[in-house]
Amino acid sequence: MKTQVCIIGGGPSGLLLSQLLHLKGIATIVLERQSRNYVLGRIRAGVLESGFAGLMREAQCGERMDREGEVHHGFYIAHHGRTDRIDLTKYSGGQSVLVYGQTEVTRDLYEARERLGGQVVHNAADVKPHDLMSDTPFVTYTHNGQPQRVDCEYVVGADGFHGVSRQSIPKDVLREYERVYPFGWLGVLSRTKPVSPELIYANHERGFALCSLRSQVMSRYYVQVPLTDKADDWSDAAFWAELKRRLPGDVAANLMIGPSIEKSIAPLRSYVAEPMRYGRLFLAGDSAHIVPPTGAKGLNSAGSDIYYLYHAMVEHYSRGSDAELDAYSQKALARIWKAQRFSWWMTSLLHKFPDNSEFQVRLQQTDLNYLFSSDAAQRSLAENYVGLPY
Ligand code: RFL
Ligand code: PHB
């Protein structure tokens, strides 16, 4: 096979780039290791920045998102017996976020790819990029037991944290920065009415909790758990009881409980790989960076990579200029590091750190008190949460 851009990974990053490039007449092939149903079975992000939503619209994938997504103008932080609200719209000069699940984003992208006859190969095994430093790179894989080869001009590694693309960059070229947190999030999806119309982030002495949602009939809740816990250790009843303990009394009293549709534990990690380019290979999304989910920045950071890469590829193919491709890694990383800083800060602000000294506990409490006593601090939180400009 032959194409212009071979995209490894059919998650939101890969599909969005493929769709945007197709609309500009640039040919792509997406190679995805899993089946479509497997990808759609992952329950992940829920909060979209307006920049991400704008890219979905540009990709002609915004219709259902705009119909079914919920515009959110703020969220709550429960801490030390109080519940304070962050007014995102007031403090960000009129902006908001959209609550619309990653599962729905991915479904809409798959449908759009199908509508345009885009080529997405599922169950592609042993995907491997080759000759990345040459002008004629290619990607090999196995499909239904048959070896396959795609010749291309560029390779995009949109294959997530455990993908093959980043591993194709020589060790002496790649710099890695990492912080692993001593806890994870146990998440439950349940077909119940959300306890609050807006998200509630809770800092509690038993650990962090989050009340989120997917729609008016679908709730998503999380509690901080030790890394040693397994999802199977947690019965539904134990989960609901622990969540209630960590929420303000009036919220806990109103919590509707029901069977879990999905229950999983995600470890928390901050990670950045630099540079995001190696010859003809460009990394995008989770393949190059991971944030702890506290700031809702993972999918949104993948979106900003795609924004820069999309514009750089269009610049190359329609105007013959490589300036934007050459600047891609630096531009993407500048925004990524800001999302890293914000996600680390939100995580530090809201979680119980098992090894924290009394001094650090008091600093965390002071950080929260300062936040709600300072317009400048709330403005800083709001401008980061709604998303920094591209
Ligand atoms: P993905 O979604 O991991 O997709 C990568 C795809 O590549 C495939 N793949 C391969 N294909 C071919 N060959 C290989 N060798 C391959 N290896 C892997 C995989 O099967 C997969 O389909 O990466 P992508 O597209 O960059 O998207 C990133 C987002 O998924 C991620 O950043 C977010 O889910 C993070 N995240 C959140 N982000 C937000 O912006 N807002 C949120 O509210 C938010 N909440 C979350 C989150 C992530 C969570 N977990 C589970 C880590 C909440 C949680 C709990
Ligand atoms: C979610 O709804 O899954 C969600 C929302 C906000 C976050 C993280 C996850 O910060």
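Residues numbered from 1 in each chain as written. Chains lettered and ligands numbered in written order. Predicted model: local features only at pLDDT ≥ 70, side-chain atom pairs only at ≥ 80, totals over all residues. Heavy atoms only, no water.

K.L.:
Got a minute to help me understand the site of ligand 1 in this structure?
P.N.:
Lining the immediate environment of ligand 1, one finds 32 residues, of which Ser 13, Glu 32, Gln 102, Asp 286 and Leu 299 sit closest. Contacts to ligand 1 include Arg 33, whose backbone N or O atom sits 3.1 Å from a nitrogen atom. Here Gly 46 contributes a backbone N or O atom positioned 3.2 Å from an oxygen atom of ligand 1. Going through the elements one at a time, helix H1 (12–23) and helix H9 (298–319) are the ones with two or more residues in the shell around ligand 1. (Near = heavy atom within 4 Å. Polar contact = N/O pair within 3.5 Å; in protein donor to acceptor, adjacent residues only side chain to side chain. Helix = DSSP H or I, 4+ residues; strand = E, 2+ residues; numbered from the N terminus.)

K.L.:
I keep staring at the environment of Glu 70 and nothing clicks. Help me out?
P.N.:
Inspection of the secondary structure puts Glu 70 in strand E4 (residues 70–72). It is 9.5 Å that separates the C-alpha atoms of Glu 70 and Val 47, two residues lying 23 residues apart in sequence. With near-sequence residues (within four places) excluded, Glu 70 lies in contact with Val 97, Leu 98, Val 99, Pro 197, Leu 213, Ser 215 and Gln 216. Here the side chain of Glu 70 touches His 72 through a polar contact of 2.9 Å, side chain to side chain. (Contact = heavy atoms within 4.5 Å.)

K.L.:
Just checking my understanding: could you explain the site of ligand 2 for this structure?
P.N.:
Close to ligand 2 lie 14 residues, the nearest being Tyr 201, Ser 212, Arg 214, Tyr 222 and Pro 293. The separation between an oxygen atom of ligand 2 and a polar main-chain atom of Arg 44 is 3.3 Å. Between ligand 2 and Tyr 222, the relevant distance is 2.6 Å, taken from an oxygen atom to a side-chain nitrogen or oxygen of the residue. Out of a free accessible area of 280 Å², ligand 2 has 97% covered by protein chains. Going through the elements one at a time, strand E15 (209–215) and strand E16 (218–225) are the ones with two or more residues in the shell around ligand 2. Here the shell around ligand 2 gets three residues from one element, more than from any other, and that element is E15. Here the shell around ligand 2 is composed, by residue class, of eight nonpolar, three polar and three charged. Lining the shell around ligand 2 are residues from two domains, each supplying at least three of them: domain 1 (5–72 + 95–178 + 269–349) and domain 2 (181–268 + 353–386). (Areas by Shrake-Rupley, 256 points an atom, 1.4 Å probe, with all protein chains shown as cover. Nonpolar A, V, L, I, M, F, W, Y, C, P; charged D, E, K, R; others polar. Domains from an automatic or database assignment.)

K.L.:
Can you walk me through the packing of aromatic side chains in this structure?
P.N.:
Geometry of an aromatic ring pair is reported as the spacing of the ring centres plus the angle between the planes. Using the criterion set out here, one finds 19 aromatic pairs in the structure. Measuring from ring centre to ring centre gives 4.8 Å for Trp 185 and Tyr 222, while their planes differ by 50 degrees; the resulting arrangement is tilted. Taken together, the positions of Trp 185 in strand E13 (residues 175–190) and Tyr 222 in strand E16 put the pair 37 residues apart, joining distant regions of the chain. You'll find Trp 185 and Tyr 222 in the same group, each marked buried. Taken together, a centroid distance of 4.5 Å and an interplanar angle of 40 degrees make the contact between Tyr 307 and Tyr 390 tilted. Separated by 83 residues along the polypeptide, Tyr 307 in helix H9 and Tyr 390 in the segment after helix H12 (375–386) bring together distant segments of the chain. Three or more aromatic residues joined by ring pairs form one cluster here, namely Phe 75, Trp 185, Tyr 201, Phe 208, Tyr 222 and Tyr 385. Above the ring of Phe 138, the side-chain terminus of Arg 149 is found at 3.7 Å from the ring centroid. (Phe/Tyr/Trp six-rings, centres within 6.5 Å; stacked < 30°, edge-to-face > 60°. Buried < 20%, exposed > 50% of the residue type's maximum accessible area, 1.4 Å probe, protein only. Lys NZ or Arg CZ within 6 Å of the ring centre and 35° of its normal.)

K.L.:
What should I look at first to understand the side chain of Ser 212 in this one?
P.N.:
In this fold, Ser 212 is placed in strand E15. Beyond its immediate sequence surroundings of up to four residues, Ser 212 is in contact with Leu 199, Ser 219, Arg 220 and Tyr 221.

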